[in-house]
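Per-entry structural report
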Amino acid sequence: MFANPSSQKYSALAALFAATFILTSCRTPPEALMSAHTRETATPIRKTAITPTIAVIPRPASVAFTGETFTLTADTQIFVEPDSPELLAVGQYLAERLRPATAYPLPMQAATGAPPPGSIYLTTSGSDPTLGEEGYELTVTPQAVILSAPYPAGLFWGIQTLRQLLPPAVESLTPQAGPWTLPAGTIRDWPRFPWRGMMLDVSRHFFGPAEVRRLIDLLALYKINRLHLHLSDDQGWRIEIRSWPNLAFHGGSTQVGGGPGGYYTQEEYADLIAYARSRYIIIVPEIDMPGHTNAALASYPELNCDGVAPPLYTGTEVGFSSLCLEKEVTYRFVDDVVSEIAALTPGPYFHIGGDEAMATPLPQYIAFVERVQHIVQSHGKQMIGWEEIAQASLLSTSIAQVWHGGMGREAVRQGNRVIMSPAFKAYLDMKYTPDTPLGLHWAGYIEVRDAYEWDPATVAEGIGEEHILGVEAPLWTETIQTMADIEWMTFPRLMGYAEIGWSPASGRDWEEYRSRLGRHGSRLEALGVNFYRSPQVPWE
Ligand code: TNX
């Protein structure tokens, strides 16, 4: 781990760690490591399963604790490698998470020599490249905490593990009693899938930037790395488009139930993107088309085949609206919208919706998706669409989001990758039980156990591990009106989806998970999360 010459200056510290742990070879590929960690070896490492006091979610790929501890004190300092603004930002993020509850100063600085005993040290140089883009290694001894990763994203996810190794009270925003003790040992960890997402429908009910930022912070704690924003639907258009201003002014002026709605200005949207990026989360913007477009049709009469703008819609039916696919103005509209949003979005994806186009004839639908696919590509983005898009001929870079399965197979047959969001397992708007006051139940009831006990690689016939980019849990908001509602439907089910997306499939077990999840009750409380206290979970 410290063999790289560029990390020579930390060799004293490295020797200290080498004395405590004999680490698995840096070159060992992740798959081999998984089996290595289930074998008994002759090393002095005391390997245990996650010990009763450790409750990291998602479960790390490999864990070995020594039984010793490291304790944060008023003298603890955070060091990062010099010369990297990104690492400094990650170090700053860690300091900001730990300062309120500990009330320690936790000064953060670039290290120019071996960090003194008692420090936390974040580094990318000399790290194990086989950990990949998001993997990390966290080494804790009684003397120091060393977090190392090939890329800053791995350090960021490692920090989430570090947070979860500390007592739950560390999440509090007011000073709490310590001691702030971490278990000593080594965690080597990397994700199973590159896509671990949540979708928030801000169209049926609008949620402002402050609410989205809070959600982003909660997603980060569980290593969720995509936030898909459903920015338009029949009930509301939620992003300013300068070349078509009435979309937001008129189309964004209401929501389900007739409330005032709202929209993000381009500046607010760009700020959200930057905020998410600082949490290593990519925002995926969705403009749903050609159906789910009443808000746009109401804002511009020329987008309608009969040239007449319908009234705004505040109900919850689906499948009644369609852009007029015979008119050229429709494609100019799509090009302008994609162009403006793509310019604001550094992430590589643009989601075109494409679901439930019941008011569009199928041949026209197919031609539309194929044309829009090229528009999206011309603005430098990869197209994503709900699985219905697989009826069209897809470019190899396009991605289908599976929600019922049938057409997802068609995407796979074409050689395209899929994101798994099976409604009966992964829809956050489904009620937990018949008694859940919020939500729908057309795809069934999804208790915490149902949300956890499934696997993306076996849930849909004909779709296997090699076709899957990852998992995403959508929260449709027909019945969701407040941040408290979002939290109630999202937590704790999202933690299960996070684990399905991140942790190795082997060894995933409900009984073990539910006791680990139970230990997150007080952490969620410290964060002020309004979560569903499922009777299936032994909450602490
Ligand atoms: C189906 S799933 C929809 C949404 C609804 C949701 C409610 C999908 C791609 N479309 O328009 O909000 O059901 O659960």
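Residues numbered from 1 in each chain as written. Predicted model: local features only at pLDDT ≥ 70, side-chain atom pairs only at ≥ 80, totals over all residues. Heavy atoms only, no water.

Once that is clear, we can look at the pairing of strand β7 (residues 180–189). When you tally the buried positions in β7, you get nine out of ten residues, the bulk of the element. Here eight bridges tie strand β1 (residues 62–72) to β7, and the two strands are oriented antiparallel to one another. Following the sheet pairing, Ala64 is matched in β7 by Thr186. As judged from the five bridges shared by strand β5 (residues 136–140) and β7, these two strands associate in the antiparallel manner. Among the inter-strand pairings, Thr139 is bridged to a residue of β7, identified as Thr186. (Buried < 20%, exposed > 50% of the residue type's maximum accessible area, 1.4 Å probe, protein only. Helix = DSSP H or I, 4+ residues; strand = E, 2+ residues; numbered from the N terminus. Pairing = 2+ DSSP bridges.)

Now for the pattern of salt bridges. Tallied over the entire structure, the rule returns 22 salt bridges. The residue Arg371 makes a salt bridge to Glu328 at a minimum N-O spacing of 2.7 Å. Of this pair, Arg371 sits in helix α10 (residues 362–378) while Glu328 sits in helix α9 (residues 328–344), and the two are 43 residues apart along the sequence. In this structure, a network of salt bridges that share partners links the residues Arg192, Asp455, Glu465 and Arg508. (Salt bridge = Lys/Arg side-chain N within 4 Å of Asp/Glu carboxyl O.)

Under the defined criterion, the tally for this structure stands at one disulfide. At a sulfur-sulfur separation of 2.0 Å, the disulfide partner of Cys305 is Cys324. Note on the Cys305 and Cys324 pair: the S-S dihedral is about 95°, so by sign convention the disulfide is right-handed. Of this pair, Cys305 sits in the loop between α8 (294–299) and α9 while Cys324 is found in the loop between α8 and α9, placing the two residues 19 residues apart along the sequence. (Disulfide = S-S within 2.5 Å.)

Leu200, Leu227, Trp237, Phe333 and Tyr497 are the most contacted members of the largest nonpolar core, which has 152 residues in total. Ranked by residues supplied to this core, first place goes to α9 with eight residues. Discounting chain neighbours no more than four positions away, the residues touching Leu200 are Phe207, Val212, Leu215, Leu227, His228, Leu229, His230, Leu475, Thr477 and Ile486. Counting residues in each nonpolar core, the second largest holds seven residues, with Trp195, Ile399, Ile419 and Leu469 among its members. (Core = buried A, V, L, I, M, F, W, Y, C linked by side-chain atoms within 4.5 Å. Contact = heavy atoms within 4.5 Å.)

In the region of the ligand, 14 residues are neighbours, and Arg204, Tyr427, Asp429, Trp442 and Glu478 sit closest. In this structure, an oxygen atom belonging to the ligand sits 2.6 Å away from a side-chain N or O atom of Asp429. Trp442 places a polar side-chain atom, nitrogen or oxygen, 2.7 Å from an oxygen atom of the ligand. For the ligand, the accessible surface in isolation is 360 Å², of which the surrounding protein chains cover 97%. In terms of residue class, the shell around the ligand is built from eight nonpolar, one polar and five charged. (Near = heavy atom within 4 Å. Polar contact = N/O pair within 3.5 Å; in protein donor to acceptor, adjacent residues only side chain to side chain. Areas by Shrake-Rupley, 256 points an atom, 1.4 Å probe, with all protein chains shown as cover. Nonpolar A, V, L, I, M, F, W, Y, C, P; charged D, E, K, R; others polar.)

To continue, consider the pairing of strand β8 (residues 195–201). With respect to burial, β8 is a largely interior element, seven of its seven residues being buried. What you see with β8 is no split at all: Trp195, Gly197, Met199 and Asp201 on one side and Arg196, Met198 and Leu200 on the other are buried throughout. With six bridges connecting them, β8 and strand β17 (residues 468–475) associate as parallel partners. For Gly197, the partnering residue across the bridge sits in β17 and is Glu472. In this sheet, strand β9 (residues 226–230) lies alongside β8 in parallel orientation, the contact comprising five bridges. Within the sheet, the bridge partner assigned to Asp201 lies in β9 and is His230. As a crossover connection, the stretch from β8 through helix α5 (residues 209–221) into β9 is right-handed. (Right-handed = clockwise from strand over helix to strand, strands pointing away.)

Read once around its circumference, the closed barrel built from eight strands follows the order β8-β9-β12-β13-β14-β15-β16-β17, with strand pairing classed as parallel. Here the strands of the sheet are splayed against their neighbours by 30° on average, with no regard to which way each runs. Where strand β16 (residues 417–420) lies against β17, three bridges are found, and the strand directions are parallel. Residue pairing for β17: Met420 is matched across the bridge by Val471. (Axes fitted to C-alpha atoms, helices over the stretch in contact; angles between N-to-C directions.)

Quick look at the packing of α5 against helix α7 (residues 266–278) now. One way to put it is that α5 packs onto α7 with a least axis distance of 10 Å and a crossing angle of 15°. Regarding the angle of α5 to α7, the classification is roughly parallel. Crossing handedness for the pair α5 and α7: right-handed. Residues Pro209, Val212, Arg213, Ile216 and Asp217 of α5 lie in contact with α7, whose contacting residues are Glu268, Leu272, Tyr275 and Ala276. For the contact of α5 with α7, the residue count by class is six nonpolar, no polar and three charged. (Parallel < 35°, antiparallel > 145°, perpendicular 65-115°, else oblique. Left-handed = near helix turned anticlockwise from the far one by under 90°.)

In this section: unusual backbone geometry. Negative phi is the rule for most residues except glycine; trans is the rule for most peptide bonds. Note that the residue after Ile57, namely Pro58, is joined by a cis bond; omega there is -5°. One can find Pro58 in the loop between α2 (30–36) and β1. Put simply, Phe491 and Pro492 share a cis peptide bond, and its omega is 15°. Along the chain, the position of Pro492 falls in the loop between α14 (483–490) and α15 (493–502). One non-glycine residue, Leu106, lies in positive phi territory at about 40°. The residue Leu106 is located in the loop between α3 (85–102) and β3 (108–110) in this model.

Here we come to the confidence of the model for the protein chain. Residues with a pLDDT of 70 or more make up 90% of the protein chain, whose mean pLDDT is 90. Overall, residues 1–52 carries pLDDT values under 50, and its contacts beyond four positions in sequence, including any with other chains, amount to 84 contacts. (pLDDT = per-residue confidence, 0-100.)

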